[in-house]
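Residue-level structural notes
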Amino acid sequence: NLPYAIPNLTVDLHTPQDIGVPVLWWRSVGSSHTAFSTEAFIDEVAAAMGKDPVALRLELLSAHPRHAGVLRLAAEKAGWDKPLAKVSGVRRGRGVAVHESFNTYVAEVAEVSIKPDGSLQVDRIVAAVACGPAVNPDNIRSQVEGSVGFALSAALHQEITLKEGRVEQANYDAFPLLRIDEMPVVEVHIVPSTAAPSGIGEPAVPPLAPAVANAIAAATGKRLYRMPFNTAELAV
């Protein structure tokens, strides 16, 4: 379901046929990883072309007005065209991602701060959502805020590893949830719409990790391809 107008496109899936480990569902299902791969890569394409990441996406989304609509709204509300405030000794960056899942369109802009030791703080997430008529706007905002916390937990901390056939993480001390002091400010903007109502419980998860990864790259010039993000790689 790649929305970008790329004329020459081949998509392949390479996976072991029998890994011996049951793989089941995660919030936003396949969009959790496909959004990360496509939205991080399109940022690399923009960098290679010397183009603004939002501008390039809009060029390639001419046939997908709902993707473009949430992208424009998120960029406008985040002040995409304005530089981030400078903080002494801190590298700051802004990144963006847009994705559709469950017939809902979400764009997110992430702002991050990185200290010389590589420690990362996600300062702000600005989200734009198109999910049809907003029957209960407070519920939409709450679901997006919860999705941000859920997705950021995975992007920063959560990993399941196996040793001698057993999962090593037995409880949340080894599989931590996001702490309250790590939670960014979240702003949610809802696109007025007469389209059919669509899901809101999961669609704000997929854009979070790529938006943060793209913000990290904007701040440091380094791209992180594996989650949870190894912030030690960001130290200077």
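In the block above lies the structure referred to throughout.
Summary of the structure given here. All values derive from a computational prediction rather than experimental measurement.

**Details of helix H3 (residues 65-78)**
- Compared with an ideal rise of 1.5 Å per residue, which puts 14 residues at 20 Å, H3 spans 20 Å between its outermost C-alpha atoms and is within 8% of the ideal.
- Inspection of H3 places His-67, Ala-68, Val-70, Leu-71, Leu-73, Ala-74, Ala-75 and Ala-78 among the buried residues, and these make up the whole buried set.
- Along its buried surface, H3 packs onto helix H2 (53-60), strand E1 (91-101), strand E2 (104-114), strand E3 (120-130) and strand E6 (185-190).
- A positive phi of about 70 degrees marks Gly-79, the residue just after H3.

**Brief notes about the nonpolar core**
- One finds Val-112, Val-129, Val-212, Ile-216 and Phe-229 to be the most contacted residues of the largest nonpolar core, which totals 36 residues.
- At the level of elements, E2, E3, helix H4 (137-156), E6 and helix H5 (208-220) are the ones that each hand at least two residues to this core.
- The element best represented in this core is H5, accounting for eight residues.
- Residues contacting Val-112, with those up to four places away along its chain left out, are Arg-91, Arg-92, Gly-93, Leu-120, Gln-121, Val-122, Asp-123, Val-212, Ala-215, Ile-216 and Ala-219.
- Of all hydrophobic cores here, the second largest spans 23 residues; its members include Ala-68, Leu-73, Val-98 and Tyr-105.

**Side note on the packing of H4 against H5**
- Viewed as axis vectors pointing N to C, H4 and H5 meet at an angle of 60 degrees, and their least axial separation amounts to 9 Å. What the angle tells us is that H4 and H5 run oblique. The chirality of how H4 crosses H5 is right-handed. Across from Val-148, Ala-151, Leu-152 and Ala-155 in H4, the residues of H5 making contact are Leu-208, Ala-209 and Val-212.

**Side note on the side chain of Ser-153**
- Mapping Ser-153 onto the fold places it in helix H4.
- For Ser-153, a relative accessible area of 3% gives the class buried.
- Of note is the side chain of Ser-153, whose polar atom sits 2.9 Å from the backbone nitrogen of Leu-178.

**A closer look at the pairing of E1**
- In terms of burial, E1 is a largely internal element, 10 of the 11 residues being buried.
- Relative to E2, E1 runs antiparallel, the two sharing 11 bridges. Looking at the pairing, Ala-97 lines up with Glu-108 of E2.
- Between E1 and E2, which pair antiparallel one after the other, the connecting turn spans two residues, and Phe-102 there sits at a positive phi close to 55 degrees.

**As for the pairing of E2**
- For E2, the tally of buried residues reaches 11 of 11 residues, placing the bulk of the element in the interior.
- The sheet contact formed by E2 and E3 spans 10 bridges and is antiparallel. Bridging across to E3, Val-112 finds its partner in Val-122.
- If you look at the hairpin formed by E2 and E3, you'll find five residues sitting between the two strands, and Gly-118 has a positive phi there, around 90 degrees.

What counts as what
Residues numbered from 1 in each chain as written. Predicted model: local features only at pLDDT ≥ 70, side-chain atom pairs only at ≥ 80, totals over all residues. Heavy atoms only, no water. Helix = DSSP H or I, 4+ residues; strand = E, 2+ residues; numbered from the N terminus. Expected span 1.5 Å × (residues − 1). Buried < 20%, exposed > 50% of the residue type's maximum accessible area, 1.4 Å probe, protein only. Contact = heavy atoms within 4.5 Å. Core = buried A, V, L, I, M, F, W, Y, C linked by side-chain atoms within 4.5 Å. Axes fitted to C-alpha atoms, helices over the stretch in contact; angles between N-to-C directions. Parallel < 35°, antiparallel > 145°, perpendicular 65-115°, else oblique. Left-handed = near helix turned anticlockwise from the far one by under 90°. Polar contact = N/O pair within 3.5 Å; in protein donor to acceptor, adjacent residues only side chain to side chain. Pairing = 2+ DSSP bridges.

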